[in-house]
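# Residue-level structure breakdown
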Amino acid sequence: MLQIERISKNFGRFQALHPIDTCFLAGDSVALLGPNGSGKTTLIKTILGLVSPSHGHIAYQGMRIPANALKELVGYMPQIGQYPENMKVSALFKLMLSLRGKSINDCDTKLYHAFDMDAIGHKTLGTLSGGTRQKVGAALAFLFHPRILILDEPTAGLDPHSSAILKEHIASFQSNDRLVIITSHVISELNGLVNKVMYMMEGRIHFYMGVQELVESTGQAQLEKALVAAIGQNTIKERKHVDA
Amino acid sequence: MLMLRHILIDVIKNRMVVMYAAFLMLLTTSVFMFTEHEAKAMVSLQNITLLVAPLMALVFSSSYLYNSRDFMALLLTQPIGRQRVFWAFVGAVAVALSMAILVGLGIPVLVFNFSPTGLLLLLLTVLLNLVFAALGAWVSVSIADKARGLGAVLIIWFFLTLVYDGLALLLLYMFQEYPLMTPIVVLTSLNPIDLSRVGLLLQMDISALMGFTGAVYKKYFNSGLGMALALILLMVWAAIPVTLARRKFLVKDF
């Protein structure tokens, strides 16, 4: 569904992404993991058009499409971020709707209503807690019936109840013509939400495999333990490769 | 336009902008109340606005744009052009700061000194404000780190308000044997603060307060031409940094 064709990115001398060649398939739900500075944010931002790659292209369904055409298809939930302090929640939604020329009736408002955005519509964004701002971001990400959903640390800052609601919505969003990419530091949060794991390190894809495969190859039933084992295995493999 | 309106509402409600307008109004009113001579009042007012307006425009425009980076990024993930996002933010900051000046400086001027000189002071302050808001925007787009950006902004202010004139004087002193008309005019044109100072003094026609630069400007041009030139140069001064900022913004990594 989404092809990453030899994308690389330099920030000055620092190479944030070494040429990456990979493919996100429709129907997949991918956990994008890796330590800080491993390039996962840069990769996501490249897909979102926030970062222009030094080399390479993003293709959708095998075709290079204009950036704005891709953005039409993407729903993005940022990490807890700053919004304009004095803007009302209702104004923010109005603004976002107007940018796409849509009315609220054309939109996917299930999460919007589940998080009861109407009730906080009169509040200004500056007065909201981090968790509530996260809810606003989540409701926005689902609003325009995206085909590709990109969630950056979606459950950080959410209370357990809201986190459960969000996960439920992510699960019901998944279908065989859609793609979900989630980054998270809390691996246990992703249990049951994802079917593939992409692990990045130092601007490269360390490994990219199905959760099932990961569990089988490491003999660890828990995703977290399987992951730790897989990171170890792959590092050893790479070392052998280098030695050879 | 809609995006600009929504952001403008946010900027206008910003505490710093409200306080700026209130501060200007208090200051202007008290200067008019306590200064008997009209020309003296205008000159004192200009001396204050020449310091305050650039500083406020630089600091506010850069810090607001720095603080909006997350929201800019979210808007940029929507299927709209980068250009639109840029103009919405820069336009909102420029309009809001100009409104603060029109309210804080404009209303007292209309009440106490409704004259061509008063209106010119207002126009020059708004223009100067646009120049420095544009410079602030350029800094915030060019320097990724907020603390360093705010440092740069303060250095720009310090340089253009204090250091520049000192250097210019030094230069003139060193070359006093030579004809200095043209260099003085050029040096003045290169600093927007000097430009707007000369602009007002030309209108007021008080050579005692004009200083060397004003006198030379006056001799070089008749009043009307000199002033038109000062206004045009100020606009050029605003256009250059905003163009540079726009170009950077279009390819910036968020």
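Our subject is the structure that appears above.
Below you will find a few notes about this structure. Since this is a predicted model, take the numbers as computed values, not measurements.

A few words now on the overall build of chain B. Along its length, chain B carries 11 helices and 0 strands. Along chain B, helices and strands appear, N-terminal first, in the series α-α-α-α-α-α-α-α-α-α-α. What you see for chain B is a C-alpha radius of gyration of 19 Å, in line with the 18 Å of a compact globule of 254 residues. In terms of its C-alpha atoms, chain B occupies a principal-axis envelope of roughly 60 × 45 × 30 Å. For chain B, buried positions account for 52% of its 254 residues. Considering only intrachain contacts with a sequence separation of at least 6, the fraction spanning at least 24 residues in chain B is 81%. Carbon and sulfur atoms make up 73% of the accessible area of chain B, which amounts to about 11700 Å² in all.

We now examine the overall build of chain A. Looking only at helices and strands, chain A features 8 helices and 9 strands. Overall size of chain A, expressed as C-alpha extent along the three principal axes, is 65 × 40 × 35 Å. Per-residue burial for chain A yields a buried fraction of 52% across its 244 residues. Contacts in chain A between residues far apart in sequence, at least 24 positions, make up 69% of those at least 6 positions apart. Split by element, the accessible area of chain A, about 11200 Å² in all, is 51% carbon and sulfur. In chain A, which carries 24 positive and 21 negative side-chain charges, the distance between the mean positions of the two groups comes to 5 Å.

Glancing now at the pairing of strand 7 (residues 179-183) of chain A. In summary, the side chains of a regular strand alternate between the two faces of the sheet. Residue and element names in this part refer to chain A. Strand 7 sits mainly inside the fold: 5 of its 5 residues count as buried. Burial of the side chains of strand 7 extends over both faces: L179, I181 and T183 are buried on one face and V180 and I182 on the other. Sheet topology note: the strand 3 (residues 29-33)/strand 7 ladder contains 4 bridges and is parallel. Looking across to strand 7, one finds that V30 is bridged to I181. Between the parallel pair strand 6 (residues 148-152) and strand 7, the chain is carried across by helix 6 (residues 160-173), and the sense of this crossover is right-handed.

What follows covers the nonpolar core. Counting 159 residues, the largest nonpolar core has V136 of chain A together with F71 of chain B as its most contacted members. Broken down by element, the residue count for this core peaks at 15 residues, all from helix 6 (residues 116-142) of chain B. Those residues within four positions of F71 of chain B in sequence are excluded, and the remaining contacts are Q82, Y83, P84, M87, L92, L95 and M96 of chain A together with F89 of chain B.

What follows concerns helix 1 (residues 40-48) of chain A. Residues and elements named next belong to chain A. Within helix 1, 7 of the 9 residues are buried, which leaves it mostly tucked inside the rest of the structure. Residues K40, T42, L43, I44, T46, I47 and L48 constitute the buried set of helix 1. Downstream of helix 1 by a residue or two, G49 has a phi angle that is positive, lying close to 80°.

Contacts between the two partners involve 30 residues from chain A, matched on the other side by 25 residues from chain B. Of the roughly 2300 Å² buried between chain A and chain B on both sides combined, carbon and sulfur atoms contribute 61%. When the area that chain A buries against chain B is broken down by residue, the three leading residues are L50, N86 and L99 of chain A, summing to 28%. Run the count over chain A and chain B and you get 1 salt bridge. Here K9 of chain A ties to D253 of chain B by a salt bridge, and the two come within 2.7 Å at their closest N and O atoms.

Residue and element names in this part refer to chain B. A cluster of nonpolar residues, F158, F159, L162, V163, L167, L170, L171, Y173, M174, F175 and Y178, forms a patch on the protein surface that exposes about 1100 Å² of accessible area. Turning to its location among the elements, Y173 is positioned in helix 7 (residues 146-174). Overall, Y173 belongs to the exposed group, its relative accessible area being 59%.

Turning to the sheet that holds strand 7 of chain A, a few remarks are in order. Residue and element names in this part refer to chain A. Ordered in space as 5-6-7-3-8-9, the 6 strands form an open sheet in which the pairing is mixed. Edge positions in the sheet fall to strand 5 (74-77) and strand 9 (204-210), since each of these pairs with one other strand and no more. Sheet twist, expressed as the average angle between the axes of neighbouring strands with direction ignored, equals 15°. As paired strands, strand 6 and strand 7 are joined by 5 bridges and run parallel to one another. When the bridges of strand 7 are listed, I148 appears paired with L179. Each of strand 5 and strand 6 is contacted by helix 5 (residues 130-143), which is oriented at about 175° to strand 5, the strand it contacts most.

Glancing now at unusual backbone geometry. As a rule of thumb, non-glycine residues mostly have phi less than zero, and peptide bonds are mostly trans rather than cis. With phi around 55°, D116 of chain A is a residue other than glycine that occupies positive phi space. The residue D116 of chain A is located in the loop between helix 4 (110-114) and helix 5 in this model.

Residues and elements named next belong to chain A. Taken in spatial order, the 3 strands make up an open sheet running 2-1-4, and their pairing is antiparallel. Each edge of the sheet is formed by a strand with only one pairing partner; in this case those strands are strand 2 (14-24) and strand 4 (55-60). Between one strand and the next, the sheet's axes are offset by a mean angle of 15°, whatever the strand orientation. Two strands pair when backbone bridges link them, and strand 1 (residues 2-11) and strand 2 are joined in this way by 7 bridges, in the antiparallel orientation. From the neighbouring strand, K9 faces strand 2, where its bridge partner is L17. On the sheet, helix 1 packs against strand 1, strand 2 and strand 4 and is oriented at approximately 120° with respect to strand 1.

Calculation notes
- Residues numbered from 1 in each chain as written.
- Chains lettered and ligands numbered in written order.
- Predicted model: local features only at pLDDT ≥ 70, side-chain atom pairs only at ≥ 80, totals over all residues.
- Heavy atoms only, no water.
- Helix = DSSP H or I, 4+ residues; strand = E, 2+ residues; numbered from the N terminus.
- Rg over C-alpha atoms; globule rule 2.2 N^0.38 Å.
- Buried < 20%, exposed > 50% of the residue type's maximum accessible area, 1.4 Å probe, protein only.
- Contact = heavy atoms within 4.5 Å.
- Areas by Shrake-Rupley, 256 points an atom, 1.4 Å probe, with all protein chains shown as cover.
- Lys, Arg positive; Asp, Glu negative; His and termini not counted.
- Charge placed at Lys NZ, Arg CZ, Asp CG, Glu CD.
- Pairing = 2+ DSSP bridges.
- Right-handed = clockwise from strand over helix to strand, strands pointing away.
- Core = buried A, V, L, I, M, F, W, Y, C linked by side-chain atoms within 4.5 Å.
- Buried area = accessible area lost by both parts, 1.4 Å probe.
- Salt bridge = Lys/Arg side-chain N within 4 Å of Asp/Glu carboxyl O.
- Patch = residues over 30% accessible without salt bridge, like charges linked within 9 Å, V, L, I, M, F, W, Y side chains within 5 Å.
- Axes fitted to C-alpha atoms, helices over the stretch in contact; angles between N-to-C directions.

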